[in-house]
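# Examining the three-dimensional arrangement
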Amino acid sequence: MSESFDLDARPGLPADLRHLLEKYPRETWQGHANIEGTARFWLSRHDMFRELGRALAEALEQEREGQVAMEPFKRWFVPRLGFFLNELEGHHQIEDLHYFPAYQRAEPLLARGFELLDADHVTIHHDLEQVAAAANGFLAATAAAEAGSDASRRARDAYSMASERLLIRLLRHLEDEEDLVIPLILDRGDAALES
């Protein structure tokens, strides 16, 4: 019980929350009868967040290296970043309001795990706000100053740091959330977890 909830420090789920993961290790998930439905949808949403997060980071690196001009970068980047931030916030709200309470009622032994995930959501929500503010600062700086100027480079670096912090935390959170939730779904099935 002494293991940390800290999203920046923990190497995975604490040991006391891994009993269903030990019963249903990741390598067995895709062949399990209960993977269809909520579990597959959950995994696909998480994969989308991972892929889009990587694509946004790669696009920023291409802009930084001069491989893409600022205007085409903005046309690609702005709608995708907005989609990423909005979808992630909405995904967490649905989890917090619907799924986590229902799953915690279904398996009270995992209550601490859902508290851990809820604490992650608070941290990630703050990160989303920081990323949005830094992105707006970066885009404003590039509109007000020549791309490549000191002001635009500083603003890009500030966005890059905020975005990198969010992505590192998000990847840890997604993995831990899957390790808690997917084995529970596999164990009980969708119908038993709905309430």
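Criteria and cut-off values
Residues numbered from 1 in each chain as written. Predicted model: local features only at pLDDT ≥ 70, side-chain atom pairs only at ≥ 80, totals over all residues. Heavy atoms only, no water. Helix = DSSP H or I, 4+ residues; strand = E, 2+ residues; numbered from the N terminus. Contact = heavy atoms within 4.5 Å. Areas by Shrake-Rupley, 256 points an atom, 1.4 Å probe, with all protein chains shown as cover. Buried < 20%, exposed > 50% of the residue type's maximum accessible area, 1.4 Å probe, protein only. Polar contact = N/O pair within 3.5 Å; in protein donor to acceptor, adjacent residues only side chain to side chain. Axes fitted to C-alpha atoms, helices over the stretch in contact; angles between N-to-C directions. Parallel < 35°, antiparallel > 145°, perpendicular 65-115°, else oblique. Left-handed = near helix turned anticlockwise from the far one by under 90°. pLDDT = per-residue confidence, 0-100. Phe/Tyr/Trp six-rings, centres within 6.5 Å; stacked < 30°, edge-to-face > 60°.

To continue, consider the overall build of the protein chain. For the protein chain, the helix and strand inventory stands at 6 helices and 0 strands. Start at the N end of the protein chain and walk to the C end: the helices and strands fall as α-α-α-α-α-α. If you line up the protein chain on its principal axes, its C-alpha atoms span 55 × 35 × 30 Å. Look at the contacts in the protein chain between residues 6 or more apart in sequence, and 82% of them connect residues 24 or more apart. Within the structure as shown, the protein chain displays about 9,800 Å² of accessible surface, and the carbon and sulfur contribution to it stands at 54%.

For Arg26, the position within the fold is in the loop between α1 (19–23) and α2 (38–64). Given the relative accessible area of 34%, Arg26 is considered partly exposed. Spatially, the C-alpha atoms of Arg26 and Glu178 are 9.1 Å apart, while their sequence positions differ by 152 residues. In this structure Arg26 touches Leu21, Glu175, Glu178 and Asp179, once residues within four positions along its chain are discounted. Side-chain polar atoms of Arg26 contact the side chain of Glu178, separated by 2.9 Å.

Moving on, we come to the packing of α2 against helix α3 (residues 70–106). Helices that pack against each other are described as a pair by the angle of their axes relative to one another and the distance between those axes. The contact between α2 and α3 brings their axes to 10 Å, and the two run at 150°. Here α3 runs roughly antiparallel to α2, going by the angle between their axes. Considering the relative orientation of α2 and α3, their crossing is left-handed.

Note on placement: Arg10 falls in the segment before α1. Among the polar contacts listed, one links the side chain of Arg10 to the backbone oxygen of Phe5, at a separation of 2.8 Å. Here Asp120 takes part through its side chain, which lies 2.5 Å from a polar atom of the side chain of Arg10.

Here we take up the confidence of the model for the protein chain. When pLDDT is low, close inspection of the predicted coordinates is not appropriate. Taken over all residues, the pLDDT of the protein chain has a mean of 93, while the share at 70 or more is 95%. The spread of mean pLDDT over the elements of the protein chain runs between helix α6 (residues 190–193), the lowest at 86, and α2, the highest at 97.

With that out of the way, let us pick up the packing of aromatic side chains. Scanning all chains against the criterion turns up 10 aromatic pairs. Between the aromatic rings of Trp42 and Tyr103, the centroid separation amounts to 5.9 Å while the plane-to-plane angle is 25°, which identifies the pairing as stacked. Remark: Tyr103 occurs in helix α3 and Trp42 occurs in helix α2; sequence separation between them is 61 residues. Judged by relative accessible area, which is 3%, Trp42 ranks as buried. For Tyr103, a relative accessible area of 3% puts it in the buried group. When the ring of Phe138 is compared with that of Tyr159, the centres are 6.4 Å apart and the planes differ by 15°; the resulting orientation is stacked. Residue Phe138 is found in helix α4 (residues 111–144), and its partner Tyr159 is found in helix α5 (residues 150–188); the two are separated by 21 residues along the sequence. Assessed through its relative accessible area of 0%, Phe138 is described here as buried. Take Tyr159: its relative accessible area is 1%, and that puts it in the buried class.

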